[in-house]
Structures are given as C-alpha cells and as structure tokens.
Amino acid sequence: MILSIESSCDDSAIAITEVATNKLLFHKKISQELEHSVYGGVVPELAARLHAQTLPKILAECEPYFEKLKAVAVTSTPGLAVTLVEGVTMAKAIAVALNIPLIGVNHLVGHIYSLFIERETTFPLTVLLVSGGHTQVMEVKSLEEIETVAKSMDDSFGESFDKVAKMMGLGYPGGPLIEKLAKDGDRLKYNFTVPLHQSPLIAFSYSGLKNAVRLAVEEAGEAKEKYKDIAASFEHIATKHLIMKLKKYFKSHPPESFAIVGGASANLYLRSQIEELLKPYGTKVLLSELKYCSDNAAMIGRVGVEMYKKGLFSSLEELDISPKSQI
Ligand code: KG4
Ligand code: ZN
C-alpha cells in the first residue's frame, strides 16, 4: 500500500491506495474553505497552520495500515511553499520512521490521474486542466511524457471565478458560487470581450476579462439584482475563450481522447460546452468523479502507485518543494 499526502493549497488530505489493485482503501480530506472564506481567498500562513493541525489527526486514523505501507507519496510541486512544506515534512518523517521510500508527486500529474482512481490508465490523452492555480492543455502519452501545449499568460480559469466572487462579496471558493448565481442570469446581457479572440496565439488570459467584470460590478453599485446577469455573462465568456482556443488547436491536433480535470472541471456549463465542441470529432470526454475534481490525496496516491512500480523514488535530501511546476 501507498500512503499519500496532499497539502499544496487549502485542502489537507491523506489516502491509502493498494498497489496491486489501485483500490482506494482510505481517503480523508479536510477543507479549509470556511476559514479562508472571510478573506475572499487563501491566506498562505493560515493554510499552513491549519495543515499542521489537521494532517496529524488524519494520519492517526491511518495507523492500522502502517505495517503494510511500501512507500509514502506526497505533493512536492507546484503550490504554496509554506503549505507544501507541511506535507513534505510529514512524508519525510513517515519515510524515516517506517523505513520506506519517498515519492515526490507533481500536483498537476495528480489531477491527470484523478481520471484513473480505482481504474486503469488510458493514453494518449489530450487534457484540459482548469483549477485555481492552472489553466493548461497537455498532451499526455504516459506518466513521463507530458507536454504542455497551451497555458494561461496570467490568471487561471478558476482564479478568475474566485476573484469575481470576491468583487461581489460572495465568499470563497468562487467557482461554485458564481455557477449557482449564473443559473438564473442572462448569459448575453453583458457583452464582455472574449480574451485574445483576435490573437493567433493558442494561450489563455483572464486578467482582462476580470477587469471588465470589475467595471460592470462597480457600475451595478447597489443594484445587486444585476449580479446574476454579470455572473452568467462572465461564465459564458470565460468558457467561450477556452472553447475558441481549443477549436483552433484541434485544427492541427484533432483529439483522439479528451479529458477535463481540476477543481473547475466540476462546472456544468463548461462540461456541456466541451461536449458540444467535441461532437463533430466523435471524441468522448473523460471526466473525473465530481468528488475527485478538486484537490485530494487519492489522485496523489494513484500517481504514487505508478511511480512506485517504476522505482521513481527520491532521497530525503533530494526531495524539496517547488512552488512552480516543471510541466
Ligand atoms: O483543483 P483545485 O481544487 O485546486 C487547485 O489546484 O487550484 O481547484 C480549485 C479551483 C477554485 O479556483 C474554484 O473556484 C474552482 O476550482 N472551481 C470552479 C468550480 N468549482 C471549483 N470554478 C468554476 N466552476 C465551478 N463549479
Ligand atoms: Zn489542484
């Protein structure tokens, strides 16, 4: 069995995965959303302190599995430095205490493998990752052959939802709150410009749209009934931007298999638009189970199993955190 730890942002999670079967034997995640909600975003120092409190409590529940552990896997990149350190330090302590190898997992690879929790892998795969930290398209041939072909030049898709929710005083995380508000709104009420629509670049950008939404929110002032139309129009344009760039990319790289992963892949409007886009290609969309879209330790454990089988271990001295991803 592999014990896996996730602490790259505001979720403290630990999982136990059986190597031979990929079976998830234990998974517990404690989210800090409530604690950060009052600030409209994640406060790194607070997140680190909360990880230090909750991770040991979850670990104590895993004690019955300790004897059977073959390795400990932990998210070491990318993420908030102060929160990654909490997980990595705990993983090192476990590796020393139980005399088992240490596996450093890339969180973005974890999101890709959220598709394969308790399942076999299927490659090649074109993957759209939409999370709070990342918006990128990757061509995935195997665990070790992952190429990023498009990414955001500034804010991420999920982050733009968080920021719009903050402007409206809705709380954090903004994605589900904006999605809910947008349901009753008119998508065409506000004619926001689609980012980079005239650019030949296959890349993403959300800072311009965010500023356009800020102006609309300021203009609405106390007329809060306008928020639902702003939210709907924002969600529509944020999604249209992704669709337009994917369409452009597919002209030269028609997708064999396509997947959407990451916290924002839970967005139903985005899912429906991607399914519509892929219809002409006859490509099926792979999705993670809703409970594994957002950060979790089960996806880190699933990567851990693959890395364990390949002997991809790190020594105590080697394994370090890195806020920025190499992918
Ligand atoms: O993958 P994740 O849990 O954490 C990161 O790795 O960043 O993604 C969290 C992000 C947040 O920005 C959140 O607002 C966004 O995913 N999100 C959504 C939805 N649910 C979560 N964005 C849009 N629509 C949603 N339904
Ligand atoms: Zn994530």
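Every chain's residues receive numbers from 1 upward, in the order its sequence appears when written. Starting at A for chains and at 1 for ligands, labels are handed out in the order in which the entities are written. Owing to the predicted nature of the model, reporting of local features is limited to residues with pLDDT of at least 70; listing and counting of side-chain atom pairs is limited to 80 or more, with chain, interface and lining totals taken over all residues. The side-chain numbers reported here are obtained from all heavy atoms of the structure, hydrogens and water having been left aside.

Draft legend 1. The arrangement of the domain arrangement of the chain in detail. With domains assigned, the chain is organised as domain 1 (2–117 + 295–309) and domain 2 (125–287). Every contact between the two is made by 20 residues of domain 1 and, on the other side, 21 residues of domain 2. A quick way to say it: buried area is the sum, across both parts, of accessible area lost when two parts are put together, with a 1.4 Å probe. Between domain 1 and domain 2 the total buried area reaches about 1500 Å² when both faces are included, carbon and sulfur atoms providing 77% of it. A per-residue breakdown of the area domain 1 buries against domain 2 is headed by Leu 108, Ile 112 and Leu 115, which together make up 37% of the total. We count a salt bridge whenever a side-chain nitrogen from Lys or Arg sits within 4 Å of a carboxyl oxygen from Asp or Glu. Across the contact surface, domain 1 and domain 2 share 0 salt bridges. Identification of polar contacts relies on pairs of N or O atoms within 3.5 Å, with a donor-acceptor requirement for protein atoms, meaning one able to donate a hydrogen and the other able to accept it, and with residues adjacent in sequence counted only if both atoms are side-chain atoms. Remark: the boundary between domain 1 and domain 2 carries 2 residue pairs in polar contact (both at pLDDT 80 or more). Numbering of helices and strands starts at the N terminus; helices are DSSP runs of H or I of at least 4 residues and strands are runs of E of at least 2. Elements that contribute at least two residues to the side of domain 1 that touches domain 2 include exactly helix H1 (33–37), helix H4 (107–113) and helix H10 (298–309). Here the bounds of each domain stem from an automatic or database domain assignment. Residue contacts follow a heavy-atom distance rule, with two residues in contact if any of their heavy atoms lie within 4.5 Å.

Draft legend 2. Examining the site of ligand 1 more closely. As a structural note, the neighbourhood of ligand 1 is formed by 20 residues, with Gly 132, Asp 162, Gly 175, Glu 179 and Gly 263 the closest of them. Within the backbone of Gly 158, a nitrogen or oxygen atom sits 3.2 Å from an oxygen atom of ligand 1. Here the accessible surface of atoms and residues is derived via Shrake-Rupley with a 1.4 Å probe, and residues count as covered only by protein chains that are part of the display. Computed on the free molecule, ligand 1 has an accessible area of 550 Å², of which 89% lies beneath the protein chains in the complex. In this count, Pro and Cys sit with the nonpolar residues alongside Ala, Val, Leu, Ile, Met, Phe, Trp and Tyr, while Asp, Glu, Lys and Arg are called charged and the others, Gly among them, polar. Tallied by class, residues from the shell around ligand 1 come to 4 nonpolar, 12 polar and 4 charged. When residues of the shell around ligand 1 are assigned to domains, at least three fall in each of domain 1 (2–117 + 295–309) and domain 2 (125–287). Nearness is judged by heavy atoms alone; a residue qualifies as near a molecule or strand once a single heavy atom is within 4 Å of it.

Draft legend 3. The pairing of strand S9 (residues 258–261), seen in detail. Of the two faces of S9, both are covered, the one formed by Phe 258 and Ile 260 as well as the one formed by Ala 259 and Val 261. Paired strands, in this sense, are two strands between which DSSP finds at least two bridges. Here strand S6 (residues 125–130) runs beside S9; their pairing, made up of 4 bridges, is parallel. Within S9, the position partnered with Leu 128 by the bridge is Ile 260. Looking down the strands as they point away from the viewer, one classifies a crossover as right-handed if the path from the first strand across the helix to the second runs clockwise. In this view, the connection linking S9 to its parallel neighbour strand S10 (residues 285–287) by way of helix H9 (residues 268–278) has right-handed handedness. Whether a residue is buried, partly exposed or exposed follows from its accessible area with a 1.4 Å probe, protein chains only, as a fraction of its type maximum: under 20%, in between, or over 50%, in that order.

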